[in-house]
Amino acid sequence: MKYIIALDQGTTSCRSIVFDEKFNMIAMSQKEFTQIYPHPTWVEHDGEEILSTQIETLRDVIKKAKINTEDILSVGITNQRESTIIWNRETGKPVYNSIVWQCRRTADYCDELEASGYTAYIKETTGLTIDAYFSATKIKWILDNVEGAREDALKGKLAFGTMDSWLIYNLSGGKYHITDYTNASRTMLYDINNLCWDEKLMSVMDIPSSLMPCVVPSSGQLAYIDESILGRKIPITGIAGDQQSALFGQNCVNFGEVKNTYGTGCFLLANTLDEKINSTSGLVTTLACKADGSVCYALEGSVFIAGALIQWLRDEMGLLTTAAESEKYANMVDSSDGVYIVPAFSGLGAPHWDMRAKAVIVGLSRGSNRNHLIRASLEAIAYQLNDLMQALNTDLNAKAAYIKADGGASANDLLMQLTADMADTDVIRPKNIESTALGAAMLAAIGIGLYNSTDEMNFADSTDRVFTPSIDKDKRNALLKGWNEAVRMCISHD
Ligand code: ADP
């Protein structure tokens, strides 16, 4: 038996997973790394800690799986997207921490870009809405604020990358400075029509092109892990941003097929194959993969805070000891009794796009208790997802037949049922909710020539459970009305 390893570099942890040739999960190793909050709305990671954590889990998972490195066919990499790191090509050292996708420090500059009239150009060229979420303004911030960075960048001494580039650069001993189409499409500097870095945007934001990685397909002979890491050179044959990887891992390879990942945030993607659809409803257009791993388009809606709201109830409010407990407490009440929580901790993402919105809790009464708040939090995830689904249905001019669910919080049955009820659509949960890592392994399998497309990889029924809508229509409409009012209250008014 031969094996494929997926490296899943997430927002809070690094995972390495060994899959066999039929994509059975043989072993997993996971380790969290430090979240750095230098200011209330700033989020950073230490790039070197991410690298050492990822390598640690890689070595650990090989031990756990009890396999020889000779039996590793190849490696696939998937990663948190947009988070931005710049390093010195000579020393290999980062010039600053990675600025994480959630970080809002460049919101003012985004306003300037908007005021200068770039909204339509950026949307048409990159598929994206101007927001601090994407890499471009984070790159500019580092060049403008780290001493000597701009001078070194102009001398060609620095390299930019998202976490895929950073890992591959280091794992290959500095031989490859690459990223794939899906990650490139999240930078707000990549022309998704012509598949190239956009010179005009680079010049508007004063970003030298020498910083940029070479953009490669998500599947193929892309790079190598240097011998010094595992004692043997191992090919890297798959790369994709985490959400596009999950779309692929969920086998959403037909037009309009939708997946949602319930993790820190919620990320809804619908494959639109060769059709680049410009959203009129607050979604963005991004690059994804076809069944054979080649590039295509997708519509995406991202909600910044989903599972993170449950984490907040646990860590900051002390209402839970584990995230999984949220289901038990929420089930102790029939409803949230008029309580709504809009978790705009990092502003609001799609479809509202308000960088300065602040979270609200409304509808409290003397009888409101912990269970109501916990239930309102799970409902908030479902409402946010419904907002994305309604936007998607408008853009596709059709109602999606189902959502394929994955991510840590999809283990919560109540959350799955609430989503089915609010979005009025079936929610399908697979047996393996690690779709992100699975997608990277599948891309790597195609890249090494083990299979030609996802059609050849459907080995067994992968469905765990289907949740169907069961709520009364009037009740649903009343609940959604309350949610929309709560959202209006947290939108910024300056
Ligand atoms: P990420 O990859 O974004 O770090 P994961 O897919 O590992 O996230 O999911 C973890 C998130 O899901 C956490 O924010 C956690 O609070 C939430 N979560 C995990 N299990 C549950 C559960 N049973 N019910 C509700 N939320 C959960």
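For the structure itself, consult the block above.
Procedures and definitions
Residues numbered from 1 in each chain as written. Predicted model: local features only at pLDDT ≥ 70, side-chain atom pairs only at ≥ 80, totals over all residues. Heavy atoms only, no water. Phe/Tyr/Trp six-rings, centres within 6.5 Å; stacked < 30°, edge-to-face > 60°. Helix = DSSP H or I, 4+ residues; strand = E, 2+ residues; numbered from the N terminus. Buried < 20%, exposed > 50% of the residue type's maximum accessible area, 1.4 Å probe, protein only. Lys NZ or Arg CZ within 6 Å of the ring centre and 35° of its normal. Disulfide = S-S within 2.5 Å. Pairing = 2+ DSSP bridges. Axes fitted to C-alpha atoms, helices over the stretch in contact; angles between N-to-C directions. Salt bridge = Lys/Arg side-chain N within 4 Å of Asp/Glu carboxyl O. Parallel < 35°, antiparallel > 145°, perpendicular 65-115°, else oblique. Contact = heavy atoms within 4.5 Å. Nonpolar A, V, L, I, M, F, W, Y, C, P; charged D, E, K, R; others polar. Near = heavy atom within 4 Å. Polar contact = N/O pair within 3.5 Å; in protein donor to acceptor, adjacent residues only side chain to side chain. Areas by Shrake-Rupley, 256 points an atom, 1.4 Å probe, with all protein chains shown as cover.

> What's the story with the packing of aromatic side chains in this structure? I'm lost.
Aromatic ring pairs are reported here in terms of the distance separating the ring centres and the angle at which the planes meet. Evaluation of the coordinates by the stated rule reveals 18 aromatic pairs. Ring geometry for W42 and W141: centres 5.5 Å apart, planes at 80 degrees, overall edge-to-face. One end of the pair, W42, is in the loop between β3 (25-32) and β4 (44-45); the other, W141, is in helix α4 (residues 135-145), with 99 residues separating them in the sequence. Comparing W42 with W141 shows no difference in burial state: the two are buried. Taking the centre distance of 5.8 Å and the plane angle of 35 degrees together, the rings of Y340 and Y383 count as tilted. With a gap of 43 residues between them, Y340 in strand β19 (residues 340-342) and Y383 in helix α13 (residues 370-396) connect regions that are remote in the sequence. Among the aromatic residues, those joined into a ring-pair cluster are W101, Y133, F134, F267, F304 and W353. If you follow R105 out to its NZ or CZ, it ends over the ring of W141, 4.5 Å from the centre. Sitting above the plane of the Y224 ring, K233 keeps its charged end 4.4 Å from the centroid.

> How should the state of the cysteines be read in this particular structure?
Covalent bonding between the sulfur atoms of two cysteines defines a disulfide. Evaluated as defined, the whole model comprises zero disulfides. Cysteine C14 shares no disulfide, and the gap to the nearest cysteine sulfur, in C103, comes to 19 Å. C14 sits in the buried class, given a relative accessible area of 0%. Here C266 is not cross-linked by a disulfide; its sulfur's nearest cysteine counterpart is in C252, at 15 Å.

> Explanation requested: the pairing of strand β8 (residues 158-161) in the structure shown.
Each regular strand shows side chains that alternate between the opposite faces of the sheet. By the alternation rule, side chains of β8 split into L158 and F160 and A159 and G161, which are all buried. Here four bridges tie strand β6 (residues 85-88) to β8, and the two strands are oriented antiparallel to one another. Residue I85 lies in a different strand from β8, and its bridge partner there is G161.

> Explain unusual backbone geometry to me, please; I cannot follow it from the model alone.
Only a minority of non-glycine residues have a phi that is not negative, and only a minority of peptide bonds are not trans. Cis peptide bonds are those with omega within 30 degrees of zero, and the linkage from A350 to P351 qualifies with -5 degrees. Looking at the element boundaries, P351 is found in the loop between β19 and β20 (360-362). One non-glycine residue, L195, lies in the positive phi region at around 50 degrees. Along the polypeptide, L195 turns up in the loop between β10 (190-191) and β11 (196-197). Even without being glycine, D337 reaches a positive phi, approximately 55 degrees. Its place among the elements puts D337 in the loop between α12 (325-330) and β19.

> Help me understand the sheet that holds strand β16 (residues 266-273), please; the structure alone is not making it clear to me.
The strands that make up a sheet pair up through hydrogen bonds in the backbone, lying either parallel or antiparallel. The strand order across the open sheet formed by seven strands is β17-β18-β16-β15-β21-β22-β23, and the pairing between neighbours is mixed. Pairing within the sheet leaves two strands with one partner each, and these edge strands are β17 (284-289) and β23 (463-467). Between one strand axis and the next, the sheet turns through 30 degrees on average, direction left out of account.

> So what exactly am I meant to see when it comes to the pattern of salt bridges here?
Pairing of side chains with opposite charge becomes possible as their charged atoms draw close. In total, this model carries 28 salt bridges according to the counting rule given. For E124, the salt bridge goes to K276, with nearest N and O atoms at 3.6 Å. Of this pair, E124 sits in helix α3 (residues 119-126) while K276 sits in the loop between β16 and β17, placing them 152 residues apart in sequence. For E124, a relative accessible area of 40% corresponds to the partly exposed category.

> I keep staring at the packing of α13 against helix α16 (residues 473-490) and nothing clicks. Help me out?
When two helices pack together, you describe them by how their axes are tilted relative to each other and by the distance separating the axes. Remark: α13 packs on α16, axes separated minimally by 11 Å, with the N-to-C direction vectors making an angle of 95 degrees. Comparing the axis directions of α13 and α16 gives the class roughly perpendicular. Listed contacts from α16 to A380, Y383, Q384, N386, D387 and Q390 of α13 are R476, L479, L480, W483 and N484. Class assignment of the residues belonging to the contact of α13 with α16 gives a composition of five nonpolar, four polar and two charged.

> When you look at the environment of V487 in this model, what are you seeing that I'm missing?
Summarising the element assignment, V487 is placed in helix α16. In the structure, V487 is positioned 130 residues away from A357 in sequence and 9.3 Å away in space, judged by C-alpha atoms. Aside from chain neighbours lying at most four places away, what touches V487 is V342, L348 and H352.

> Would you take a moment to explain the environment of L373 for this structure?
Within the element layout of this structure, L373 appears in helix α13. Discounting residues that sit within four places of it in the chain, L373 has contacts with L319, V339, I341, I361 and L364.

> Please explain the site of the ligand as it appears in this structure.
Neighbouring the ligand are 15 residues, the closest being T12, T264, G307, G408 and N412. Between the ligand and T264, the relevant distance is 2.7 Å, taken from an oxygen atom to a side-chain nitrogen or oxygen of the residue. Here an oxygen atom of the ligand and a backbone polar atom of G408 are 2.8 Å apart. Considered on its own, the ligand offers 580 Å² of accessible surface; in the complex 81% of this is hidden by protein. Sorting elements by how many residues they give to the shell around the ligand places helix α11 (residues 307-315) first, with four residues. Residues belonging to the shell around the ligand are distributed by class as follows: five nonpolar, nine polar and one charged.

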